[in-house]
Amino acid sequence: MEPFESAFEHQFILQAIGDAILAVDLDRRILWVNPAFTDLFQYSSEETIGKKTAFLYDNPEDYEEQGRIRYNRNSPPNNHPYEMQYRRKDGSTFWGEARGAVVSNDQGERIGFTVSIRDITRRKQLLRDLHHEKEQWFVTLKSIGDAVMTTDAQGQVTYLNPLAEKLTGWRSDEARGHLVSRVFRIVNEYSRVPVENPVERVLEQGVVVGLANHTLLLSRDGREFSIEDSAAPVRDGDGNLQGCVIVFRDVTEKRKLEQKIQYQANYDALTGLPNRHLFQDRLGQAIVRAQRSGRLFALLYLDVDHFKNINDRLGHPFGDHVLVELGRRFRNIIRETDTIARIGGDEFAIILEDLSDRHEALVLGRRLLTEASAPIRINHAKSGLTVSIGIALCPGDGTDTTSLVRNADIALYQVKKSGRNNIQFFSQEMNRTVQKHLKIASELREGLDREQFFLHYQPIVDLRQGRAIGVEALVRWKNRKTIRYPDEFVTVAEEMGFIVPMGNWVLKAALQQLRIWMDQAIPLNRLTVNVDVKQIHSNGFADLLEFLLKENCVDPSFLEMEITERTLLFQDHYVMSNLSRIRDLGVRISIDDFGMGYSSMNYIRNFPVNTLKIDRSFLTDLFNNLYDQAIVRTILTMGNSLSLGVVAEGVECGEQEHFLRENGCTLVQGFYYGKPVSPENIPPLFEQISRGERRRLPHK
């Protein structure tokens, strides 16, 4: 029942405060009642939930009739009030004025009704005895909590009670004899257009008439009040129409609450932009308009690049300021007929309608990139940032909200994957790539649960000693008899949140294997393990590392944690603190893929680094590319000047080894010395390297 109850939540809030309210499904079974209901009918919620509403009616025929005209699967919406006689638990009866409202789900399908019931027994008695007890009638009208106005059969005011005098600004004696339309001036609160005065219809048809929704009463002194309620005919003992009585109440505060709730349900509290809920509604409307007009429209998904870094470095208040400023800039770029929404976190969505071709969407996307790149300042802090944009077009990339949102998100994903700060239109090839990633992600979860991962090790060779002195641990995945290598699944593991448990397993398994080799007296003093920045940033990583070192009785200086240059971008306090603690344990830290584009001397100076690892790409075309030779020499010189160790990876031939040796590089690894092998093959491979045997193997 909880989802259904949630679906009715706003209906409940918006009902008149103090009225009995119940929610029913399409079979008129009660799903929820408010406290006022239990007070009025004397039934507890436990006694009513799940029962059909028939037991509430004094006359069973009334239950059947209301089911036919108001509460069935196909009845037209009708929220006009109607009067009915109800029965309490103790058998007593009362007259109630009821209002019903249809409740629909997000797809517009009818799922039930809400009903509010007000006890009008006193009002009925009052009207019934009006022509007999006029003096008593006046006394009562002065004391009740509703404003009351009466007219004669010609629609001229005959009486206002004190509350009606207060709301209209007219004294009863002043208003007497004036047409009710002059005293009781009502307009629509949004359009300000006069609405039908209910008195005219009451006097013409002799029926109870409810005020139109969103009615505003214009007081004589210029004040305005949101009002609701109804007008009813007044008859004499013979049933002849004598006039009309209008009963109304000030619901200004309630209407403000309704508007506030509606705003909060549809707009983002931080930026004031439409939220995901309103965005979905407007996207659906845009699709309908596009289908009707045959025109193109574009859906743009935007994501702030590395927004977490902004929060970590400059604080969440600055991050909030960035989102507000971006929302303002983007809103100033788009047309009034377009929609921009904040759909969560640092993500925005823009609906561009009535386009001639896709180029118009591209032009706007470039303007968004330019606007986002302008520095954002607050107090003394300043931040430059970029955004990534994915675009899906309707009808080409989808004709429903689900497809368009998914495809725009896929295009955004491809932008972020290929370097960020750019624009991509959706393509079917992107979709195939994403589906492949999702398949790998699903298999990856299963692989972690079934322990399908294992480690291979590649020797690290000291050229001066002419022997292998350590190994790098490399994770492998045996998936359905196929061995998968890290470049096939590590990126997916990072995206899907699997990298931390996988990385921690690699660290644990590698240290256990190192302990075995040490017990076997294998001559190695260096174990290199790749560690992702998310591991370093995770809670308790340094504690886990310290525990594993002690558990396996491993000298911390034997372990070298290899981080990528990308980690250097995450210079928040937590990462720096964890890296410093890791260094304090005695564990060495190396930077993998050094020279690939992120590093600077400032990063190296600020990070507790021991070793630089030259990326294999600089050795691949070493003798045909003077720039690669210069970069390798520069890294070796820098490492020597900063007293940092340097390891060259990807050595595949003797010429590369000779170049590295001549330029002062002593630590190397690559297929020239041996491919990654299982733990039991490390001892014979070490002996082979010590004998000076080299071989060039196919790259894996």
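Our structure is the block above this text.
What counts, and where the lines are drawn
Residue numbers restart at each chain and count upward from 1, following the sequence in its written direction. The predicted origin of the model limits local features to residues at a pLDDT of at least 70 and limits the giving and counting of side-chain atom pairs to 80 or more, whereas totals for whole chains, interfaces and linings rest on all residues. By convention in this description, side-chain values take in all heavy atoms of the structure and omit both hydrogens and water. Only DSSP runs of H or I covering at least 4 residues are called helices, and only runs of E covering at least 2 are called strands; the numbering of each starts at the N terminus. Every radius of gyration here is taken over C-alpha atoms, with the globule rule written as 2.2 Å times N^0.38, N being the number of residues. The rule is simple: take the accessible area with a 1.4 Å probe, protein chains only, and divide by the maximum for that residue type; under 20% is buried, over 50% is exposed, in between is partly exposed. A contact between two residues is defined here by any heavy atoms of the two lying within 4.5 Å. To be clear on the numbers: accessible area is Shrake-Rupley with a 1.4 Å probe, and residue cover counts the displayed protein chains and nothing else. Structural elements are reduced to axes, namely lines fitted to C-alpha atoms, with helices fitted over the stretch in contact, and the angle between N-to-C directions of any two is expressed from 0 to 180 degrees. Roughly parallel means an angle under 35 degrees; roughly antiparallel means over 145; roughly perpendicular covers 65 to 115; every other angle is labelled oblique. By definition, turning the near helix anticlockwise from the far helix through less than a right angle yields a left-handed crossing, and turning it clockwise yields a right-handed one. Only Asp, Glu, Lys and Arg are considered charged in this grouping, and only Ala, Val, Leu, Ile, Met, Phe, Trp, Tyr, Cys and Pro are considered nonpolar; every other residue, Gly among them, is considered polar. By definition, two strands form a pair when at least two bridges between them are found by DSSP. The nonpolar core is taken to be a set of buried Ala, Val, Leu, Ile, Met, Phe, Trp, Tyr and Cys residues, with the residues joined through side-chain atoms within 4.5 Å. By definition here, a salt bridge exists when the distance from a side-chain nitrogen of Lys or Arg to a carboxyl oxygen of Asp or Glu is within 4 Å. Centres within 6.5 Å make a pair out of two Phe, Tyr or Trp rings, where for Trp the six-membered ring is used; the pair is then stacked when the planes are under 30 degrees apart, edge-to-face when over 60, and tilted otherwise. We call a charge positioned over a ring when the NZ of a Lys or the CZ of an Arg lies within 6 Å of the ring centre and within 35 degrees of the ring normal. Any N or O atom pair separated by 3.5 Å or less is treated as a polar contact, with the protein-specific requirement of one donor-capable and one acceptor-capable atom, and with residues adjacent in sequence counted only for side-chain atom pairs. As used here, the arc is the angular range of directions from the helix axis to the C-beta atoms.

### Description of the overall build of the chain
Helix and strand counts for the chain come out as 28 helices and 28 strands. Its C-alpha atoms give the chain a radius of gyration of 38 Å, clearly above 27 Å, the size a compact globule of 700 residues would have. When its C-alpha atoms are laid out on the principal axes, the chain stretches across 125 × 55 × 45 Å. Within the span of the chain, comprising 700 residues, buried residues form 50% of the whole. Expressed as a percentage of contacts within the chain between residues at least 6 apart in sequence, the contacts between residues at least 24 apart total 60%. Accessible surface computed for the chain: about 34,100 Å², of which carbon and sulfur atoms make up 49%.

### Observations concerning the packing of helix α20 (residues 499-519) against helix α22 (residues 541-551)
Put simply, α20 and α22 touch, their axes get as near as 10 Å, and they point 15 degrees apart. As summarised for this structure, α20 and α22 are arranged roughly parallel, according to the angle between their axes. In the packing of α20 onto α22, the handedness of the crossing is right-handed. Note on element contacts: α22 touches α20 through Phe541, Leu544, Leu545, Leu548 and Leu549, opposite Asn504, Leu507, Lys508 and Leu511. When its residues are assigned to classes, the contact of α20 with α22 shows 7 nonpolar, 1 polar and 1 charged.

### Re the sheet that holds strand β4 (residues 93-104)
In spatial order, the strands read β2-β1-β5-β4-β3; together these 5 strands make up an open sheet with antiparallel pairing. Of all strands in the sheet, those with a lone pairing partner are β2 (30-33) and β3 (82-87), marking the two edges. Averaged over all neighbouring strand pairs, the angle between strand axes comes to 35 degrees, with direction disregarded. By the bridge criterion, 6 bridges tie β3 to β4 in an arrangement that is antiparallel. Residue pairing in the sheet places Tyr82 in a bridge with Ala98 of β4. With respect to the sheet, helix α6 (residues 121-128) is in contact with β3, β4 and β5 (110-119), its orientation differing from that of β4 by roughly 125 degrees.

### So, the packing of helix α13 (residues 276-293) against helix α17 (residues 401-417)
One way to put it is that α13 packs onto α17 with a least axis distance of 10 Å and a crossing angle of 110 degrees. One element, α13, and the other, α17, form an angle in the roughly perpendicular class. The two elements α13 and α17 meet at a crossing, and its hand is right-handed. Judged by residue contacts, Phe279, Gln280, Leu283, Gly284 and Ile287 of α13 engage Thr401, Leu404 and Val405 from α17. For the contact of α13 with α17, the residue count by class is 5 nonpolar, 3 polar and no charged.

### Looking at the sheet that holds strand β19 (residues 423-425)
One open sheet accounts for 5 strands, arranged β14-β15-β13-β18-β19; its pairing is mixed. Looking at the sheet topology across the chains shown, the edges are occupied by β14 (339-344) and β19. Strand after strand, the sheet turns through a mean of 20 degrees between neighbouring axes, direction not considered. Bridging between strand β13 (residues 296-304) and strand β18 (residues 387-394) involves 8 bridges; their strand directions are antiparallel. Directly across from Ala298, in β18, lies its bridge partner Leu393. Where helix α16 (residues 358-373) meets the sheet, its contacts fall on β13, β15 (347-355), β18 and β19, and the angle it forms with β18 comes to roughly 160 degrees. On the sheet, α17 packs against β13, β18 and β19 and is oriented at approximately 145 degrees with respect to β18.

### Here's the deal with the nonpolar core
Tyr457, Leu511, Leu527, Leu559, Val632, Leu660 and Val668 are the most contacted members of the largest nonpolar core, which has 74 residues in total. For Leu559, the residues in contact, after removing those within four places along its chain, are Leu507, Leu511, Leu527, Val529, Leu545, Leu549, Val587 and Arg588. Residues Leu302, Leu369, Leu385 and Ile389 belong to the second largest nonpolar core, which totals 34 residues.

### Overview of the pattern of salt bridges
For the structure shown, the criterion picks out 35 salt bridges. Glu224 is the partner of Arg192 in a salt bridge, and the nearest nitrogen-oxygen pair spans 2.4 Å. Residue Arg192 is located in the loop between β8 (186-188) and α11 (198-205), and its partner Glu224 is located in strand β11 (residues 224-235); the two are separated by 32 residues in the primary sequence. With a shortest N-O distance of 4.0 Å, Arg616 and Glu649 are connected by a salt bridge. Pair noted here: Arg616 is in the loop between β26 (611-614) and α25 (617-620) and Glu649 is in strand β27 (residues 645-649), with a separation of 33 residues, a long-range link.

### A few points about the packing of aromatic side chains
This structure, assessed with the given rule, holds 17 aromatic pairs. Where Tyr43 meets Phe55, the ring centres are 5.1 Å apart and the plane angle is 85 degrees; that geometry is what we call edge-to-face. With a gap of 12 residues between them, Tyr43 in the loop between α3 (35-41) and α4 (45-48) and Phe55 in the loop between α4 and α5 (60-69) connect regions that are remote in the sequence. Tyr43 gets classed as buried once you look at its relative accessible area, which sits at 14%. A residue is classified by how much of its surface remains accessible, and Phe55, at 22% relative accessible area, is partly exposed. Ring centres of Phe184 and Phe248 lie 5.0 Å apart, and the angle between their planes is 50 degrees; this geometry places the pair in the tilted category. With Phe184 in the loop between α10 (180-183) and β8 and Phe248 in strand β12 (residues 241-250), this residue pair connects regions lying 64 residues apart in the sequence. Site record: aromatic cluster; members linked through ring pairs are Phe37, Phe41, Tyr57, Tyr63, Tyr86 and Phe94. Directly above the ring of Trp170 sits Arg220, whose terminal nitrogen or CZ lies 3.9 Å from the centroid. Note that Arg484 overlies the ring of Trp477, its terminal NZ or CZ placed 5.1 Å from the centroid.

### Thoughts on the environment of Asp25
Structurally, Asp25 is set in strand β1 (residues 20-25). Remark: the alpha-carbon pair of Asp25 and Asn72, spanning 47 residues in sequence, is separated by 9.5 Å. Among the polar contacts listed, one links the side chain of Asp25 to the backbone nitrogen of Asp27, at a separation of 2.9 Å.

### What to know about unusual backbone geometry
At the junction of Cys394 and Pro395, the peptide bond is cis and its omega measures out at 20 degrees in the coordinates. You can see Pro395 is positioned in the loop between β18 and α17. The phi angle at Gln42 is positive, at roughly 70 degrees, despite the residue not being glycine. Note that Gln42 resides in the loop between α3 and α4. Taking relative accessible area as the criterion, Gln42 reaches 37% and is therefore assigned partly exposed.

### Things to note about the pairing of β26
Here β26 shows a buried face lined by Thr611 and Lys613 and a second buried face lined by Leu612 and Ile614. Across 3 bridges, the pairing between strand β25 (residues 588-594) and β26 is parallel. In the strand pairing of β26, Ser590 is matched with Thr611. By the bridge criterion, 4 bridges tie β26 to β27 in an arrangement that is parallel. Among the inter-strand pairings, Leu612 is bridged to a residue of β27, identified as Val646.

### With respect to α6
An α-helical turn contains 3.6 residues, so a residue and the one three or four places further along point in the same direction. What α6 keeps buried is the set Arg123, Leu126 and Leu127. Burial along α6 is one-sided: seen end-on, the buried residues are contained in an arc of 95 degrees.

### Some points on the side chain of Asn188
Mapping Asn188 onto the fold places it in strand β8. We classify Asn188 as buried; its relative accessible area is 19%. Setting aside residues up to four positions removed in sequence, Asn188 forms contacts with Val193, Val195, Asn213 and His214.

By themselves these figures say nothing about function.
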